[in-house]
Structures are given as structure tokens and as C-alpha cells.
Amino acid sequence: MADSGIRFGIDTSEAEKDIKRLEQEAEELDDLLSDPIEIEIDADGAKDQLGELTSLAKSAFSFEAIGGAGDFLSDFAEQGREARVSLQNLAAQTGASGTEIQALSDSAESLFRVGVGESVADATKAIATAKQQLGGLLDAEGMEAFTARAAALGKVFDKDVSEVIGKSRTLISQFGLGGSEAADLVSLAMQKAGTAMDDVLDTTDEYSQVVKQAGFNAEEFVGTLVAGVQAGTRDTDKLADAIKETQIRLRAGDTSTALESISSPITATIQGIVKAGEQGKLSVKDVLQQSAQAIETAFDAGQISETMRSQLQVAVSGTPAEDLGAEIYARTFGAPIPTDKIRE
């Protein structure tokens, strides 16, 4: 009887090439890392798997299933190539090596398992971006937690995870947030302060430093944006700009100057609040909130007209108050910030 091992006339050259490629991928992975640490395919593991694959291939050559074995080897080799390229990109983006790059690689695998990206390569890119943007701000656990939430938000709001991470950096750095805390606030902002302008991430990115200087904490900042959107604004940028303009006018003395030309039953009250702000006795946040509350109380009591209400708001916060409109301005800055709801 003829040798059954060759009766199908199978060409084994492609399978043998895949085995050789696997050996090369394992060696390149080892070279990439400064320490011989285990990744997807470490050097020792690759040798063991290569031995098994070689045995499988030789056995498969005697059966009609050789096509399936070849596909398996090709897929396995492709996984090795993907792991190598991902690690190379991770090292290039972050400058990490050795145990640090291993930890990032482990994080990427964990993120992929919870649904970040369509492949490990996508998850690796996400953690690389987080390392670049947040590496000096969050520890490894916080960075992984924030990346997972950022990816989930990206899917819901049709944004790239890199955009969510990058535009959250200023909020995190200015207010010293941890990973989970930052994820909660960014989630709240995107879910409840989203508008047709789709600008809430841009607003937190651009204005976090100014808003902190004005005396707001992170919860108060996000709470103010939420309150403004619920009051009817289409543009969160105008809310933050009102805070910024209040600060500029207060420091320059423009608010006091504007109030001198306004005659109303509460002008003196507003001037007293502004003077305390100019002397540093009240923060910009306090000046904004107390003046807005005083204006609204007088308006509700019928002491001032709609026109006077708007005029006093503009004296404190400039043209952003006019852009927002008297009602939205009053409901946003003239009421307590809903931080209790934020914590729920």
C-alpha cells in the first residue's frame, strides 16, 4: 500500500512558512521588551506552542483537514504580528519599556475584554492616548477606569475615545480628579449638558482653568452647565463665558463703573457685593451668584422691570449675559448649584 501520508498530494510549504513566521514574531516580541516578560506570545510560550503546532501540522498533512490547519496557523501568526505592532506603537507613543509597557499591554487586554475597541490594537491605541494625556495625572488603575468609561461614552455619543480622553485632560488636571470621579463628571456633562451645539467637552476643556480661578469646584462647574442646559441654553460655551467675563470685569473695575450709571432700588446692594469681590472678600463665583440672586429677588417682588433686570445682569457679566437671555441667566446663576443631584 502506498504511503497514506502523501496520498492527497498536499503542499506543506505554506504551513511551514507560517511556523517560521511565528518563530520570527516571538523573537521580535522578545527584542522589543527590555525584560523577557510574557505578553501574548512570550519566547518560552512560543516555543511550546510552536512544538504543538509543528506536531499538528505534520499530523494534518496526512488528512484532508490540512486546509483548516493552514488557516489556523495563518490566524495564529497574524495574532503574533498584531501583538508585535501594537507593542511597537505603544512604545513609540508613550516611551515606555520593560515592566511599564507590560503593564500598559495588560491594561489594553483588560480594556478589550470589557468592550473597548474592535481589536486589541484599538484598545492599545486607547490606553496609549490615555498614557500620553493623563499619565502624569492618574495612576494606572485610574487611567484604565477612565479609558473604559471614555470608550463607552464615545460609542454612545459617536465620538472617538481619543477625543473624549484628550478633551477631559484640563478638567482632570485643574481640579485634581481621580479616574472614577472624572469619569462620573464627564459622563454627567455629556449626558445632561449635551446640546445641539455638541460643545460640552470643548467647554470643559477650554474653561476649566478659568472656572477654577473663579472659585468653582469640578462638581459646581458641571452642575452649572447642567443647570444652564436645563434652563434652555443651546450653547454651554456661553455659560462658561459668562463666568469668565464676570471675572474679567470684576478685576478691571468695569462692573463698578457700569453700576454707577444704573439707578434702581437694588443698585446699592449689587455695588456692595461687587466691592466685596474687588477686595477679595468674595470669590467671582460668590459675586456672580449673590448678585444674580439679588436681581431675581427684586424682579420677582416687582421692584425692578424686565429691562432693568437685564441691564443689571449685563453690568455684572457683560455681553454673555445678554446672549444667554435674562431668564436663562437667572435660572443658571441665581439658584443654588445642584451638586446634590450630581452626587446621586
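Residues numbered from 1 in each chain as written. Predicted model: local features only at pLDDT ≥ 70, side-chain atom pairs only at ≥ 80, totals over all residues. Heavy atoms only, no water.

This brings us to unusual backbone geometry. Look at Asp-158: it is not a glycine, yet its phi comes out positive at around 55 degrees. Its place among the elements puts Asp-158 in the loop between helix H6 (140-157) and helix H7 (161-166). (Helix = DSSP H or I, 4+ residues; strand = E, 2+ residues; numbered from the N terminus.)

It is worth spelling out helix H15 (residues 284-300) at this point. An ideal rise of 1.5 Å per residue puts 24 Å on 17 residues; H15 measures up with 24 Å between its terminal C-alpha atoms. Inspection of H15 places Val-284, Lys-285, Val-287, Leu-288, Gln-289, Ser-291, Ala-292, Ala-294, Ile-295, Glu-296 and Ala-298 among the buried residues, and these make up the whole buried set. Packed against the buried residues of H15 are helix H11 (218-231), helix H12 (236-252), helix H14 (267-278), helix H16 (306-317) and helix H18 (326-333). Residue Gly-302 follows H15 closely and has a positive phi angle near 80 degrees. (Expected span 1.5 Å × (residues − 1). Buried < 20%, exposed > 50% of the residue type's maximum accessible area, 1.4 Å probe, protein only. Contact = heavy atoms within 4.5 Å.)

A few words now on the pattern of salt bridges. Under the defined criterion, the tally for this structure stands at ten salt bridges. A salt bridge links Lys-159 to Asp-198; its shortest N-O distance comes to 3.0 Å. With Lys-159 in the loop between H6 and H7 and Asp-198 in the loop between helix H9 (179-192) and helix H10 (200-213), the pair connects residues that are 39 residues apart, well separated along the chain. Look at Lys-159 and you get buried, because its relative accessible area is 16%. For Lys-167, the salt bridge goes to Asp-202, with nearest N and O atoms at 2.6 Å. Pair noted here: Lys-167 is in the loop between H7 and helix H8 (169-175) and Asp-202 is in helix H10, with a separation of 35 residues, a long-range link. For Lys-167, a relative accessible area of 21% corresponds to the partly exposed category. We classify Asp-202 as partly exposed; its relative accessible area is 34%. One network of salt bridges, in which partners are shared, links Lys-159, Glu-163, Lys-167, Asp-198 and Asp-202. (Salt bridge = Lys/Arg side-chain N within 4 Å of Asp/Glu carboxyl O.)

Ranked by internal contacts, the top residues of the largest apolar core, which has 72 residues, are Phe-146, Val-186, Phe-221, Ile-270, Leu-312, Tyr-329 and Phe-333. Leave out the neighbours within four places in its chain, and Tyr-329 touches Leu-288, Ala-292, Gln-313, Val-316, Ser-317, Ala-321, Leu-324 and Gly-334. (Core = buried A, V, L, I, M, F, W, Y, C linked by side-chain atoms within 4.5 Å.)

Our next topic: the packing of aromatic side chains. Applying the stated rule across the entire model yields one aromatic pair. It is Arg-309 that lies over the ring of Phe-299; its NZ or CZ is 4.1 Å from the centre. (Phe/Tyr/Trp six-rings, centres within 6.5 Å; stacked < 30°, edge-to-face > 60°. Lys NZ or Arg CZ within 6 Å of the ring centre and 35° of its normal.)

Quick look at the side chain of Glu-220 now. Tracing the backbone shows Glu-220 in helix H11. On the accessibility criterion, Glu-220 (15% relative accessible area) is buried. Polar contacts involving the side chain of Glu-220 include one to the side chain of Lys-285, which spans 3.1 Å. Each residue touching Glu-220, except ones within four places of it in the same chain, is listed here: Gly-215, Lys-285, Ile-337 and Thr-339. (Polar contact = N/O pair within 3.5 Å; in protein donor to acceptor, adjacent residues only side chain to side chain.)

Turning next to H12. The end-to-end C-alpha separation of H12 is 25 Å, in line with the 24 Å expected for 17 residues at 1.5 Å each. Within H12, burial applies to Thr-236, Leu-239, Ala-240, Ala-242, Ile-243, Thr-246, Gln-247, Arg-249 and Leu-250. Residue Asp-235 occupies the N-cap position of H12, its side-chain oxygen lying 2.9 Å from the main-chain nitrogen of Asp-237.

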